[in-house]
Amino acid sequence: MEHLPIFLTVKGKTIVVDGGGTVAVRRVERALSAGANVISCDPTPEEELQALIDRNPNALTSFKRPAQREDVKNATVVYGASEDNVRDQRLRAWSDEFKVLCNVADEPDICDFITPSIVDRSPVVVAISTGGAAPVVARTLRARIETMLLPSFGQLTEFVGGFRQAIANKISTGRERRHFWERMIDGPAGDFFLSGEKDKASNRIESDLAAIGRDDAPPMGEVYLVGAGPGDPDLLTFKALRLMQRADVVLYDRLIGDEILSLVRRDAERIFVGKLPQKHTMGQDDISQLMAKLAKEGNRVMRLKGGDPFTFGRGGEEIEVLANAGVPFRVVPGITAAAGCSAYAGIPLTHRDYAQSCVFVTAHGKNGILDLDWDVLLRPSQTVAIYMGTSNLDKLVDGFVTRGVSEMTDIAIIENGTRANQRVVTGTLYNIVNLSIEADIKGPSIIMIGGVVTLHQLLEPAKAASSETTFEMSISANKSTEEVR
Ligand SMILES: C[S@@+](CC[C@H](N)C(=O)[O-])C[C@H]1O[C@@H](n2cnc3c(N)ncnc32)[C@H](O)[C@@H]1O
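Predicted model, so just to flag it, every value in this text is computed and none were measured.

Analysis parameters
Residues numbered from 1 in each chain as written. Predicted model: local features only at pLDDT ≥ 70, side-chain atom pairs only at ≥ 80, totals over all residues. Heavy atoms only, no water. Domains from an automatic or database assignment. Helix = DSSP H or I, 4+ residues; strand = E, 2+ residues; numbered from the N terminus. Expected span 1.5 Å × (residues − 1). Buried < 20%, exposed > 50% of the residue type's maximum accessible area, 1.4 Å probe, protein only. Contact = heavy atoms within 4.5 Å. Core = buried A, V, L, I, M, F, W, Y, C linked by side-chain atoms within 4.5 Å. Near = heavy atom within 4 Å. Polar contact = N/O pair within 3.5 Å; in protein donor to acceptor, adjacent residues only side chain to side chain. Areas by Shrake-Rupley, 256 points an atom, 1.4 Å probe, with all protein chains shown as cover. Disulfide = S-S within 2.5 Å. Pairing = 2+ DSSP bridges. Axes fitted to C-alpha atoms, helices over the stretch in contact; angles between N-to-C directions. Parallel < 35°, antiparallel > 145°, perpendicular 65-115°, else oblique. Left-handed = near helix turned anticlockwise from the far one by under 90°. Nonpolar A, V, L, I, M, F, W, Y, C, P; charged D, E, K, R; others polar.

## Observations concerning the domain arrangement of the chain
In terms of domain boundaries, the chain breaks down into domain 1 (14-115), domain 2 (153-211), domain 3 (222-335) and domain 4 (338-458). Computed from C-alpha atoms alone, the centre-to-centre distance between domain 1 and domain 3 is 53 Å.

Here it is in structure tokens:
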């Protein structure tokens, strides 16, 4: 580590910012938000800085000239942001004379410290530094951390801080206190608060505190029934990701890929509960009973399901068992396969010129026998999205054609939709069975039927789309004194 990370107390102290442009504005803003008295020095401050000066007549003093020796004398920190070498060198010399911390933008050799990239969820502040080697890395990390720390996280911190004394009075050992804090922030109380239900959050903390030490308080965990989307990890919701980091045990099946599973808390127990077509590793009822049992033992149990748990996912059946057993649960929706495939294959589900409605059906009939409501499927100007249909493709095609649908009707099969190995096979009802045999479709697939399929060629997104998130970055050769401007 090349630098010592510290958070400096500057409330009521003087910070000098020499310069009038954008860098100076950022320095002034940050110094003001930390409660410093700021002296801004520049003969011609730009509009943004002038507006800042006008808005802060008390904490911000503006001198319409470069910084002078006397300004630095009583300062705690000085920033050079003028991009003028003579001004920077003078500032450095005065800082040495008066032992003041000095930072000059883009001049690492004359800096006492670098300015980190920050995520501000006050009172929580995360500072990221790459030692000035690669500010772009810090920026990328900051974006990731920002998505993890909801804007309301700061308010949550203040809110739970209000219970500090009550917790200290009730729980004497440090370890138990820490567990209680973790449960409070990461558990139902934190969730209530973040979803705007402050009263419920308070009640929950008070009842949890009251239950401490009582023998009749069972260690009840809870179950999260979470939709993981069709495969691309970027399609997970923030909530899914948050709960994945919290779960003690995760029950997952075949549709959950390694990339998504790797985002689960590292020390969480993972239980594969199977579900291959026609070959269930664990019966549906066994899965539900196992979840109830684990939750009753005090675990935070996640049932991670492909797509959306309430769309052909039997999620309803699973939580019925939990509801009957008195186990608390939460359901987090996910992007269902038809929606994901539609976007990644460039086949809109509706389009004013082709389809005014769309239906989602499953062709997974018992014993291979199709049991579909054909009247609903045969409506004009409609897209039909069929789940679990490839093993019955010939019967499906037959069903449409024998009921009078033109053999020239467009149809697409999207295999492994949204994943790196996505394939799209397009054809007509006349030739799709042969095309799918030729393509040797084996992975999970959605079948789409209707005029919208013709848009695929035009609208299919470039393959590079999912590499947006790859951690590619150019490392700048020159060291910088700041992580972010
Ligand atoms: C048991 S259903 C689960 C559906 C899931 N709950 C959802 O909302 O997408 C499994 C079927 O979903 C479809 N499916 C799931 N993931 C898919 C993917 N990545 N690409 C294409 N189809 C997928 C396939 O039809 C597969 O046979």
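## Overview of helix α13 (residues 284-296)
Residue pairs three or four apart in sequence face the same way in an α-helix, which turns once every 3.6 residues. Here α13 is 13 residues long and its end C-alpha atoms lie 19 Å apart, about the 18 Å a rise of 1.5 Å per residue gives. Among all positions in α13, only Q284, I287, S288, L290, M291, A292, L294 and A295 are buried. Its buried side turned inward, α13 meets β8 (222-227), β9 (249-252), β10 (269-272), β11 (300-305) and α14 (315-325). The first or second residue beyond α13 is G298, which carries a positive phi of 100°.

## Some details on the nonpolar core
Formed by 22 residues in total, the largest nonpolar core has its most connected members in L377, V384, I386, L396, F400 and I447. Elements that contribute at least two residues to this core include exactly β13 (357-362), α16 (374-377), β14 (382-387), α17 (393-402), β15 (410-415), α18 (432-439) and β17 (445-449). Broken down by element, this core gets its largest block of residues, four residues, from α17. Leave out the neighbours within four places in its chain, and V384 touches V359, V361, L377, F400, I447, M448 and I449.

## Here's the deal with the site of the ligand
Of all residues adjacent to the ligand, which total 20 residues, the nearest are D308, T311, T336, G417 and S445. Contact between the ligand and D308: an oxygen atom at 2.8 Å from a main-chain N or O atom of the residue. Taking M388, its main chain carries an N or O atom lying 2.8 Å from an oxygen atom of the ligand. Protein contacts shield 90% of the accessible area of the ligand, which totals 570 Å² for the unbound molecule. Shared between two domains, the shell around the ligand takes at least three residues from each, and those domains are domain 3 (222-335) and domain 4 (338-458).

## Concerning the state of the cysteines
Per the counting criterion, the structure on display carries zero disulfides. Here C41 is not cross-linked by a disulfide; its sulfur's nearest cysteine counterpart is in C102, at 13 Å. C41 gets classed as buried once you look at its relative accessible area, which sits at 0%. Among the cysteines around C111, which has no disulfide bond, C102 carries the closest sulfur, lying 6.4 Å off.

## A word on the sheet that holds β15
Adjacent strands of a sheet form backbone hydrogen bonds with each other and so pair up, either parallel or antiparallel. With mixed pairing, the five strands of this open sheet are ordered in space as β13-β14-β17-β15-β16. Two strands lie at the open edges of the sheet, namely β13 and β16 (423-428), each paired on one side alone. Each strand of the sheet is rotated relative to its neighbour by a mean of 20°, with strand direction disregarded. Judged from the five bridges that link them, β15 and β17 form a sheet pairing that is antiparallel. When the bridges of β17 are listed, I414 appears paired with I446.

## Describing the packing of α13 against α14
Viewed as axis vectors pointing N to C, α13 and α14 meet at an angle of 40°, and their least axial separation amounts to 9 Å. Put simply, α13 runs oblique to α14. In this structure, α13 meets α14 at a crossing whose hand is right-handed. On the side of α13, the interface is formed by Q284, D285, I287, S288, Q289, M291, A292 and K296, while α14 contributes E317, E318, V321, L322 and A325. In terms of residue class, the contact of α13 with α14 is made up of six nonpolar, three polar and four charged.

## Looking at the sheet that holds strand β3 (residues 60-63)
Within the open sheet, the five strands sit side by side as β3-β2-β1-β4-β5. Their pairing is parallel. Edge positions in the open sheet fall to β3 and β5 (101-104), since each of these has one partner strand only. Between one strand axis and the next, the sheet turns by 15° as a mean value, whatever way the strands run. Note: strand β1 (residues 14-18) against strand β2 (residues 37-41), five bridges, orientation parallel. When the bridges of β2 are listed, D18 appears paired with C41. Strands β1, β2, β3, β4 (77-80) and β5 of the sheet are contacted by helix α1 (residues 22-33), whose axis makes an angle of about 170° with β1.

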